[in-house]
Structure formats: structure tokens, C-alpha cells
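For reference, the chains in residue letters:
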Amino acid sequence: MISFENCIEEIENNLAGEIDIERLAKMAKLSVYEFRRIFSFVAGLPLSEYIRKRRLSLAIFDLMDTEASITDIAAKYGYDSSSSFSRAFRDFHGISPSDVKKGNCRFNLMTRITAEIVLQGGKDISYSVEDEPEFCIYGICGESNIEDTECCEQVWNQYSDAPEGADRVFAAYQNHGNSVMCYIGSTTPTDNSTSYTIPASRWVKFDRVGTDDAAVNEFYRDVLSGWFRSTGLIRRAKLPNVEVYPADMSEDNFAWQIWIPIENIQE
């Protein structure tokens, strides 16, 4: 079972300040990548969108009940300028911050999440456990931060087709402070490519078909909240999760794998 109650409390206590996503992930005993995927499934929206809408929900009361300027309120909730705050505010509420100051407005509210993940009965999850030697991913890398709607989406958008001769595409997701570093490529060296070395390790591998975000996020939830607790396997925290795709992803519902590194197995 993964409890998000303390994580939600941490978010709520810091809406008018910095929110440390790495700290939230550690509280849930997950990587940043895993936390973001599971949060998206639990909440029904990405973490960054939840935080943004909660901040805009609370900004209403600052505008109505305090003498603070719109510029000060924008800064309080993490906006660089009053104009960017006003645009986001209008998109969410349908009115401008100055309209609130005038009174007699209707508002939107993103309610606070109360979440507890509980598996409802057993599930059959097939897997394999395999040792892999050290390997390198040659391709591109990029950072995905809290403002990204989907983790590593921009990096994927920059990735071109796998080089000739490559049969698989590897995507590794490594914690990097308050964000995730995404490495996407093949094991075939190419000119001007970035290389990322994955140490030799034992991996638990899960087969997937199709990449629907909701289904993948739910699967991560099931694995990390139920499967590990049922097996005695321990996740190797310092290594990234790796997703392995076919070189040709043009067809719908293609088969791919999730690899999660493990440190030991209780006999």
C-alpha cells in the first residue's frame, strides 16, 4: 500500500512556496518518475496541473480578503509576472484577477485530494527476472520538470527514428534533484549522440501492449504498491527505470517492456 496523505499535506503546506517533488517521491518511497505516473492515475490529472489549479483556487481568497496587489499575489504562488498569473487565472476561472477585486464573480475550485491507494483483490501480473550486463544508451537526453504536463514528453518529441540496424529503443528515467532526466536512444552508437551507461544489474521485466497513459499509470501503481510487497523483491534505488520499445512504433498497440532494477531476492 502506498499512502499519499502525507504527500498531499506536504503539497498543501507549500502551495505558497517551493514544492520539492523529490521529497514527495521519497515520502512515498518511489522515484520521481514513478511518483508522477502514479499521482496522475490517482488524481486523474498530472501533478503539475493539480498544483497549478490548487494555487489558482487559493489565490481567489487573497484577491478578495487582502489588500495585496496582483503582482504580490502572483509572486506568492510562483508566477514570474502579473501577466503570466493573469493569463493562467483567466484560463482557470474565466475572469481576470482585477474582476475579483471588483466583486460579484463566480469562481472555480480544485478541491484537495484525499487519496489512499488500496488494491481491491489480487491481480495476475506476469514478469521475468533477468540479469543484464552493463549497456549504453546512445541518443538524446533532456530534463523533465514539474511544469511538464507529461513526464519527458518534450524529450520524446525531439527523438527521431532509431538508427538503421537498431531493433529496440530504450528510455531511462533517472531522478535529478527536483526533476527527471530522460535518456532515449538505442544501443547502437551514432554520430553526435549522447551516451548514458546503465550498470550491470538484475531486472524485473514486465510486458505491456499499448501505451495509453491511464493504463500504464495504473500498471505502475499495481506493480509498485502491490507486486513488490507480494514478492520480497527490493527495488535498486540508484538505478533508473527503463522502458524498452520496438524500433518501429508506427503501429497501434505494439508490445514493449518495463524494466525495474532490483537489489536482491528473498529466498
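Just so we're clear, the structure is a prediction, and the values are computed from it rather than from any experiment.

1. Quick look at the packing of helix H4 (residues 47-65) against helix H6 (residues 82-93)
Two measures define how a pair of helices packs: the angle their axes make with one another and the distance between the axes. Viewed as axis vectors pointing N to C, H4 and H6 meet at an angle of 100 degrees, and their least axial separation amounts to 10 Å. As far as their axial angle goes, H6 and H4 are roughly perpendicular. Between H4 and H6, the residues in contact are Lys53, Leu56, Ser57, Ala59, Ile60 and Leu63 and Phe85, Ala88, Phe89, Phe92 and His93, respectively. Of the residues that constitute the contact of H4 with H6, the class distribution is eight nonpolar, two polar and one charged.

2. Some words on the nonpolar core
Counting 65 residues, the largest nonpolar core has Ile11, Phe35, Phe39, Tyr50, Phe89 and Phe228 as the members making the most contacts within it. In this view, Phe228 contacts Val204, Val223, Leu233, Ile234, Arg235, Ile260 and Ile262; residues no more than four positions away in its chain are not counted. The next biggest cluster of nonpolar side chains, apart from the first, holds 13 residues, and it includes Ala172, Met181, Ile198 and Leu239.

3. Let's talk about the confidence of the model for the protein
On average, residues of the protein score 86 in pLDDT, and 92% of them are at 70 or above. Strand S7 (residues 233-235) is the least confidently modelled element of the protein, averaging 79 in pLDDT, while strand S8 (residues 241-246) averages 95, the highest of any element.

4. Observations concerning the pattern of salt bridges
Under the defined criterion, the tally for this structure stands at 13 salt bridges. Here Arg37 and Glu243 are joined by a salt bridge, their closest N and O atoms 3.7 Å apart. Here the residue Arg37 occupies a position in helix H3 (residues 32-43), and Glu243 occupies one in strand S8, the gap between them amounting to 206 residues. Like Glu243, Arg37 is buried. Residues Lys53 and Glu49 are paired through a salt bridge, measuring 3.0 Å at the closest nitrogen-oxygen approach. In this pair, Lys53 and Glu49 are both assigned in helix H4, four residues apart and thus about one turn of the helix distant. The exposure class of Lys53 is buried, given its relative accessible area of 18%. Shared partners join several salt bridges into a network, and the residues in it are Arg37, Asp213 and Glu243.

5. Looking at a nonpolar patch on the surface
A contiguous nonpolar surface patch, about 270 Å² in accessible area, is contributed by Phe61, Met64 and Phe107. Looking at where Phe107 falls in the secondary structure, it is placed in the loop between helix H7 (97-102) and strand S1 (128-132).

Cut-offs used in this document
- Residues numbered from 1 in each chain as written.
- Predicted model: local features only at pLDDT ≥ 70, side-chain atom pairs only at ≥ 80, totals over all residues.
- Heavy atoms only, no water.
- Axes fitted to C-alpha atoms, helices over the stretch in contact; angles between N-to-C directions.
- Helix = DSSP H or I, 4+ residues; strand = E, 2+ residues; numbered from the N terminus.
- Parallel < 35°, antiparallel > 145°, perpendicular 65-115°, else oblique.
- Contact = heavy atoms within 4.5 Å.
- Nonpolar A, V, L, I, M, F, W, Y, C, P; charged D, E, K, R; others polar.
- Core = buried A, V, L, I, M, F, W, Y, C linked by side-chain atoms within 4.5 Å.
- Buried < 20%, exposed > 50% of the residue type's maximum accessible area, 1.4 Å probe, protein only.
- pLDDT = per-residue confidence, 0-100.
- Salt bridge = Lys/Arg side-chain N within 4 Å of Asp/Glu carboxyl O.
- Patch = residues over 30% accessible without salt bridge, like charges linked within 9 Å, V, L, I, M, F, W, Y side chains within 5 Å.
- Areas by Shrake-Rupley, 256 points an atom, 1.4 Å probe, with all protein chains shown as cover.

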